[in-house]
Amino acid sequence: MNRKIINTTILILMIISITGCSKANYQKDDSYETDIIGTYNTQGFNAETNELILQYQYTLNANKTFKYYSFLSNTECNQQGNFIIESIDDDIYKISFNIEDTKIKPNENSADANSTKMSSQIFKYKNMLGYIYETEELSASSTFNCVIYDNNENNSGLVFTEDGYTHVCSNVTNCQCDYANNVQYIRKDNIIYWYSNELSNENFWAIEYYVTDIGLFQPLAYKIKQ
C-alpha cells in the first residue's frame, strides 16, 4: 500500500505543479454523479519532455469488457478482459477485473513492467476510479490523529497528525522519519487537501482524499465527459 499511496500522491501533485498558481488556493472539486460505463483518464508529467502525457486510461464497456492503458517510466502496458461490479455503498462500487491479455512494451521483463500493470480491482466514486483505504471514523475537525496501516501488518502506514502534517511511515510506533513535516493537510467538509512546497507551487492545496462512509477514497483516474 505504501508504494501505491506514494506513487499516486506524487503523480497528482506533479500534475498540479505545472498548472500554475500565483496565490493561496484550493483545487476545485469537479466531482459529479455518473454511471460506471465510460473512459477514465489520468494525465501525468513527463520529466524528459516537459509535457503532459496520458498516463492511465480505463475504458469500461457496457458489455462488461474493458481495456486498460498505462505509460510509466517509458514502459507502456495494454491489458484487456472483462469485469464485474459490486455495490459497496450508496455511491461506491468495487470493480473486479479478469485480465485476459497483457502486452508490455518495450520489454516485459523490465524493472518497470510490474508497476505499469493494473490492479485486480479498483473502486468507483462519483466520476472517479481510485482506491479505498479503510479507517476508523474520522473527526470532523480540520486536522486529526489517524493511521492507515499497511495491509501487510508490518507496522507501516500513512500517518495524519493533529498538528496538520501527514507522511508515509515505515515504523508507526517508533517514527524516526526526517520528512514527517514535509507535507501538510487539511480537511474541509468531506475532502482532505494536501500541500507540499517541494512538489507543488506555493500555497496550492491538492485534493488527495474524499472522506466516505467506508474510508478514504483516493482518486486515480477521472471520467471523460461525452
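Residues numbered from 1 in each chain as written. Predicted model: local features only at pLDDT ≥ 70, side-chain atom pairs only at ≥ 80, totals over all residues. Heavy atoms only, no water.

## Description of the pattern of salt bridges
Pairing between side chains of opposite charge can happen when their charged atoms approach one another.
Reasoning step 1: For the structure on display, the rule yields four salt bridges.
Reasoning step 2: Residue Asp30 is joined to Lys28 by a salt bridge in which the shortest nitrogen-to-oxygen separation is 3.8 Å.
Reasoning step 3: Across the pair Asp35 and Lys223 runs a salt bridge whose closest N-O atoms are separated by 2.6 Å. Taken together, the residues span a long stretch of sequence, with Asp35 in the loop between strand S1 (25-26) and strand S2 (38-46) and Lys223 in strand S15 (residues 215-223) at a distance of 188 residues.
Reasoning step 4: Residue Lys223 is classed as buried on the basis of its relative accessible area of 12%. (Salt bridge = Lys/Arg side-chain N within 4 Å of Asp/Glu carboxyl O. Helix = DSSP H or I, 4+ residues; strand = E, 2+ residues; numbered from the N terminus. Buried < 20%, exposed > 50% of the residue type's maximum accessible area, 1.4 Å probe, protein only.)

## What about unusual backbone geometry?
Reasoning step 1: The residue after Lys105, namely Pro106, is reached through a cis peptide bond having omega 0°.
Reasoning step 2: Mapped onto the secondary structure, Pro106 falls in the loop between strand S6 (92-105) and helix H2 (113-116).
Reasoning step 3: Backbone geometry places Lys126, a non-glycine residue, at a positive phi of 55°.
Reasoning step 4: Relative to the helices and strands, Lys126 resides in the loop between strand S7 (121-125) and strand S8 (128-133).

## Considering the nonpolar core
The nonpolar side chains of soluble globular proteins are, as a tendency, buried together.
Reasoning step 1: Of all hydrophobic cores here, the largest spans 35 residues; its most connected members are Tyr58, Phe97, Phe160 and Ile192.
Reasoning step 2: With residues near it in sequence (within four places) discarded, Tyr58 still touches Gly38, Thr39, Tyr40, Lys67, Tyr68, Phe97, Met118, Ile122, Leu129, Leu220 and Ala221. (Core = buried A, V, L, I, M, F, W, Y, C linked by side-chain atoms within 4.5 Å. Contact = heavy atoms within 4.5 Å.)

## A word on the environment of His167
Reasoning step 1: The residue His167 is located in strand S11 (residues 166-169) in this model.
Reasoning step 2: Relative accessible area serves as the criterion here: at 8%, His167 is assigned to the buried category.
Reasoning step 3: Along the primary structure His167 and Tyr185 are separated by 18 residues, whereas in three dimensions their C-alpha atoms are 9.9 Å apart.
Reasoning step 4: In contact with His167, not counting residues within four places along its chain, are Gly157, Leu158, Val159, Cys175, Cys177, Tyr179 and Ala180.

## Observations concerning the side chain of Thr143
Reasoning step 1: Residue placement: Thr143 occurs in the loop between S8 and strand S9 (146-149).
Reasoning step 2: At a separation of 2.8 Å, a polar atom in the side chain of Thr143 contacts the main-chain carbonyl oxygen of Glu162. (Polar contact = N/O pair within 3.5 Å; in protein donor to acceptor, adjacent residues only side chain to side chain.)

## Re the confidence of the model for the protein chain
Reasoning step 1: Residues of the protein chain with pLDDT of at least 70 account for 83%, and the chain-wide mean is 85.
Reasoning step 2: Mean pLDDT values over the elements of the protein chain span from 46, in helix H1 (residues 2-17), up to 97, in S7.
Reasoning step 3: Per-residue pLDDT stays below 50 along residues 6-22; that stretch engages in 41 contacts with residues further than four places along the chain or on separate chains. (pLDDT = per-residue confidence, 0-100.)

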